[in-house]
Amino acid sequence: QVQLVESGGGLVQAGGSLRLSCVASGNIAGIAAWGWFRQAPGKERELVAGISRTLGITNYADSVKGRFAISRDNAKSTVSLQMNSLKPEDTGAYYCAAAQWGMGETDYSRWGQGTQVTVSS
């Protein structure tokens, strides 16, 4: 089992930046990829960014390309999401996630408790 704990959410004005962090513990060797999802009120949870644990291959939702950057530190078992040029539509609960196989949106099976990001206009 893998446990994930997020931090770093908050309230920011449009155009601002936030950095989310996630600390993983447990059977990390069995993880193929880390991801960040978000869920806006009334909407389904969506994959924002993913990164493979070993090679560092990344993927991003079109809506965040060029603004968000995902990174991982395998030595510290952490994964981060740097969010720049934030927009009100980026508002939502952000969840750190882990996948045992692949990096597709449906591959993720472990979740953190989430951290709230609110972007004011």
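Please refer to the structure higher up on the page.
Keep in mind that this is a model prediction, so the values were computed, not measured.

Asker: What am I meant to see in the overall build of the protein here?
Answerer: Each helix and strand counted, the protein has 0 helices and 11 strands in total. Computed over C-alpha atoms, the radius of gyration of the protein comes to 13 Å, within 12% of the 14 Å expected from 2.2 N^0.38 for 121 residues, which places it in the range of a compact globule. In terms of overall dimensions, the protein has a C-alpha envelope of 40 × 25 × 25 Å along the principal axes. Within the protein, the fraction of its 121 residues that count as buried is 43%. A fraction of 56% describes how many contacts in the protein between residues 6 or more apart in sequence connect residues 24 or more apart. Surface exposure of the protein reaches about 6,100 Å², of which carbon and sulfur atoms provide 49%. Across the protein, the 11 positively charged side chains and the 9 negatively charged ones have centroids separated by 6 Å.

Asker: Where do I start with the nonpolar core in this structure?
Answerer: Side chains of nonpolar character tend, in soluble globular proteins, to be buried together. Ranked by size, the top nonpolar core spans 27 residues in total, and within it Trp-34, Trp-36, Leu-81, Met-83 and Tyr-94 carry the most contacts. Those elements giving two or more residues to this core turn out to be β1 (2–7), β3 (18–26), β4 (33–39), β5 (46–52), β7 (68–73), β8 (78–83), β9 (92–99) and β11 (115–120). Sorting elements by how many residues they give to this core places β3 first, with 4 residues. Phe-37, Leu-47, Tyr-95 and Tyr-108 belong to the second-largest nonpolar core, a separate cluster that totals 9 residues.

Cut-off values and rules
- Residues numbered from 1 in each chain as written.
- Predicted model: local features only at pLDDT ≥ 70, side-chain atom pairs only at ≥ 80, totals over all residues.
- Heavy atoms only, no water.
- Helix = DSSP H or I, 4+ residues; strand = E, 2+ residues; numbered from the N terminus.
- Rg over C-alpha atoms; globule rule 2.2 N^0.38 Å.
- Buried < 20%, exposed > 50% of the residue type's maximum accessible area, 1.4 Å probe, protein only.
- Contact = heavy atoms within 4.5 Å.
- Areas by Shrake-Rupley, 256 points an atom, 1.4 Å probe, with all protein chains shown as cover.
- Lys, Arg positive; Asp, Glu negative; His and termini not counted.
- Charge placed at Lys NZ, Arg CZ, Asp CG, Glu CD.
- Core = buried A, V, L, I, M, F, W, Y, C linked by side-chain atoms within 4.5 Å.

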